[in-house]
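Structural overview
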Amino acid sequence: MIHSIDGIQFKRMVQHGSAAIALQKQQINDLNVFPVPDGDTGTNMSLTIGAAASELKKADTRSLGQAASITAGALLRGARGNSGVILSLLFRGLSRALKGRDEADAVLLAAALQEGVAAAYGAVMKPAEGTVLTVSRLASKRAAEAAGENNDVDYMLSEAIRVGYEVLAQTTDMNPVLKKAGVVDAGGRGYLVILEGMLASLRGEPMPEVTEESRGKQEKADFNVFSSEEITFAFDTVFIVRKDDPEVNLTPLRDYLNSIGDSLVIGEDDGAFKVHVHTNIPGNALTEAQKFGTLELAKIENMRTQAEDVAAGKKAQSVDDLDEVEEELESAPAAPEEKRCGFLSVCAGEGLAAVFRDLGADGVISGGQTMNPSTESILREIEKTPARTVFVLPNNRNIIMAAQQCVGLSSREVVVVPTETVPQGITAMMSVDPEMETQELLETMTAASRNVSTAPITYAARNSDFDGFAINEGDYLSLLDGKLFGTNQDISVMLEKLAEKAAEKGAEFVTLFYGEDVTGEQAQAAEAVFAEKCPDAELSVLPGGQPVYYYIVSIE
């Protein structure tokens, strides 16, 4: 039976807990479902408690209260991510309950665990069930009951861990996000791993050996549930502010930050407070926080670009990579000289992309129907374009609004040409006169794009009745300038009808861009149909390589 613990034992327990989660951090990372490095809960919690273990290594104290205070302070400043800040709060509350104590029995320690839970719940603006908060709350509740049954620290902790794991198994059904992914909460698992390490230390078990490889390697979890479009607030923002007044009331700051973001957690001690928030305006968050003290440290990372990098199989950059990025920038060749006007086009298919490049586009953003690029990805390409004014051709009505959001966000002047189809975009690019002023060029490109009709041929994804057409799944269907033109089970019939319509319109130029599922031989057959129906038109057939559409027909 272990009646009580002192500062020396607590120090060893924290260090053992740190070693335990360092060894299991990747297993915890693998539970994550949110597609950003900020979601690497195992790594974040390991680094957070690792900061406390390092600080305690330098401390020489037998007082439990002092050891707990050192732990809480180090955790606050070393907290990484949302999970790290919550972990620091759990220990902050524990530290308050143990203040001035040389040692503590099971009853006092259980009460301290509950104080930690209260501190965490008080700091999280919108606590959700099925998270580390749920696991820690119910585990600490059992700890208090167990201490009342048997004032033994070993028994109290083992019962808290046992119930904690029972609750952890239930988090999958408590939280819709976890249920969707079929996993338990990563933060709850990390907390229990730390408690298990602390109990192992108490029982005299040898501390697990943590190699440099296991401590330093930060592998990323697999993210298969969310896309970057599901990230409402883009910037993961963490900062520390040294208080002007130890008794300062942070409620106004909490209210403000909650109004501009989510995932808000604020941890504090007598001298400083640390904020974790997801927001789209991180600068405003920092400015508001400085009304309450002096900014010491800040970290801002774009979770959307990180998620896109991870989805593309790339390494997601973070502030940890700043030295590497700076070195890369210094060694990179000089950027091309900035010109007056640049052009960006959105399309899908290498053949179409090559057409835009040949017409003078500085960049091509991959996207189109069913693959709408985000404002963030468009903005990123705008910033890469070496021009003072960048014209963006969305080439899809569903992308125009996302492109327009870039106006005012870029360091460059952004002009959106409201092209709704790829042929409109190509015609607009063919009308470019770089000597024109911005407004005149926009009007010229827009007017030119309106002179082309677009007729894509695709397939019906489901049975439906639309615009008077009875559509069966798998039928070929064609649109003409955004309206349903016709359907048929034979694609040659659709091509013939479109060729007749082009002749009726008196087409002078007809271009067929054939997609990735069309062979060269099939494209030649389509060309013959249009050649027969439109003998006076100038006819071109080009490999577009586009998905979804077998053909995109441009009629002028």
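These figures come from a predicted structure and were not determined experimentally.

1. Here we look at the overall build of the protein
Regarding its fold elements, the protein presents 21 helices and 18 strands. In the protein, which comprises 556 residues, the share counted as buried stands at 53%. Restricting to contacts in the protein with at least 6 residues of sequence separation, those with at least 24 account for 70%. When the accessible surface of the protein is totalled, it reaches about 25400 Å², and 48% of it is carbon and sulfur.

2. A look at the packing of aromatic side chains
Enumeration over the complete set of coordinates arrives at three aromatic pairs. On the numbers, 5.4 Å between centres and 65° between planes, the contact of Tyr476 with Tyr550 is edge-to-face. Here the residue Tyr476 occupies a position in strand β14 (residues 476-480), and Tyr550 occupies one in the loop between β17 (538-543) and β18 (551-555), the gap between them amounting to 74 residues. Classification of Tyr476 as partly exposed rests on a relative accessible area of 21%. Through a chain of ring-to-ring contacts, three or more aromatic side chains come together here, namely Tyr459, Tyr476 and Tyr550.

3. A look at helix α12 (residues 282-289)
Taken as a whole, α12 has its buried residues at Pro282, Ala285, Leu286, Glu288 and Ala289. One side of α12 holds all its buried residues, which, seen down the axis, span an arc of 165°. Structurally, α12 contributes buried residues whose contacts are with β3 (235-243), α11 (251-260), β5 (272-279) and β6 (293-302).

4. Quick look at the packing of helix α18 (residues 422-430) against helix α19 (residues 438-449)
Packed helices, taken two at a time, are described by their axes: the angle between them and the distance between them. Remark: α18 packs on α19, axes separated minimally by 8 Å, with the N-to-C direction vectors making an angle of 135°. The pairing of α18 with α19 is recorded here as oblique in orientation. Read as a crossing pair, α18 and α19 show a hand that is right-handed. Within the contact between the two elements, α18 uses Gln424, Thr427, Ala428 and Met429 and α19 uses Met445, Ala448 and Ser449.

5. Brief notes about the pattern of salt bridges
Working definition: two side chains of opposite charge can pair if their charged atoms are close together. Applying the stated criterion across every chain yields a total of 20 salt bridges. Two residues, Glu129 and Arg137, come together in a salt bridge whose shortest N-O distance is 3.3 Å. Judged by its relative accessible area of 39%, Glu129 falls in the partly exposed class. Within this structure, Arg142, Glu145, Glu149, Glu159, Arg162 and Glu166 form a network of salt bridges that share partners.

6. Some thoughts on the nonpolar core
Within the largest apolar cluster, 65 residues are counted, with the highest numbers of intra-cluster contacts made by Phe10, Leu98, Val153, Met156 and Tyr191. At the level of elements, α1 (7-29), α2 (41-58), α3 (64-78), α4 (81-97), α5 (106-123), α6 (132-149), α7 (153-174) and α9 (186-202) are the ones that each hand at least two residues to this core. Setting aside residues up to four positions removed in sequence, Tyr191 forms contacts with Met45, Leu87, Leu90, Leu113, Val132 and Ser136.

7. Thoughts on the sheet that holds β6
Taken together, four strands build an open sheet; the order of strands is β4-β5-β3-β6 and the sheet is antiparallel. Of all strands in the sheet, those with a lone pairing partner are β4 (261-268) and β6, marking the two edges. Here the strands of the sheet are splayed against their neighbours by 15° on average, with no regard to which way each runs. The pairing of β3 with β6 spans nine bridges and is antiparallel. In the sheet register, Thr237 faces β6, and the bridge partner there is Ile300.

8. Structural notes on α11
Looking only at α11, the buried set comprises Leu253, Arg254, Leu257 and Ile260. For α11, the buried positions fall inside an angular range of 140° around the axis, keeping them on one side. Where α11 is buried, its residues touch α5, β4, β5 and α12.

9. Some thoughts on the sheet that holds strand β7 (residues 339-347)
Spatially, β8-β7-β9-β10 is the arrangement adopted by the four strands of the open sheet, whose pairing is parallel. Edge positions in the sheet fall to β8 (363-366) and β10 (413-416), since each has one partner strand and no second. Across the sheet, the mean angle from the axis of one strand to that of its neighbour is 25°, orientation sign disregarded. The sheet contact formed by strand β9 (residues 387-393) and β10 spans four bridges and is parallel. What sits directly across from Val390, in β10, is Val414.

10. A short note on the confidence of the model for the protein
Confidence in the prediction for the protein averages 85 pLDDT; 87% of positions are at 70 or higher. This model gives residues 34-39 a pLDDT under 50, and the stretch forms 26 contacts once residues within four places in sequence are excluded. Below a pLDDT of 50 lies the segment residues 212-228, which in the model reaches 43 contacts outside its immediate sequence neighbourhood of four places, other chains included.

Reading guide: rules and limits
Residues numbered from 1 in each chain as written. Predicted model: local features only at pLDDT ≥ 70, side-chain atom pairs only at ≥ 80, totals over all residues. Heavy atoms only, no water. Helix = DSSP H or I, 4+ residues; strand = E, 2+ residues; numbered from the N terminus. Buried < 20%, exposed > 50% of the residue type's maximum accessible area, 1.4 Å probe, protein only. Contact = heavy atoms within 4.5 Å. Areas by Shrake-Rupley, 256 points an atom, 1.4 Å probe, with all protein chains shown as cover. Phe/Tyr/Trp six-rings, centres within 6.5 Å; stacked < 30°, edge-to-face > 60°. Arc of directions from axis to C-beta. Axes fitted to C-alpha atoms, helices over the stretch in contact; angles between N-to-C directions. Parallel < 35°, antiparallel > 145°, perpendicular 65-115°, else oblique. Left-handed = near helix turned anticlockwise from the far one by under 90°. Salt bridge = Lys/Arg side-chain N within 4 Å of Asp/Glu carboxyl O. Core = buried A, V, L, I, M, F, W, Y, C linked by side-chain atoms within 4.5 Å. Pairing = 2+ DSSP bridges. pLDDT = per-residue confidence, 0-100.

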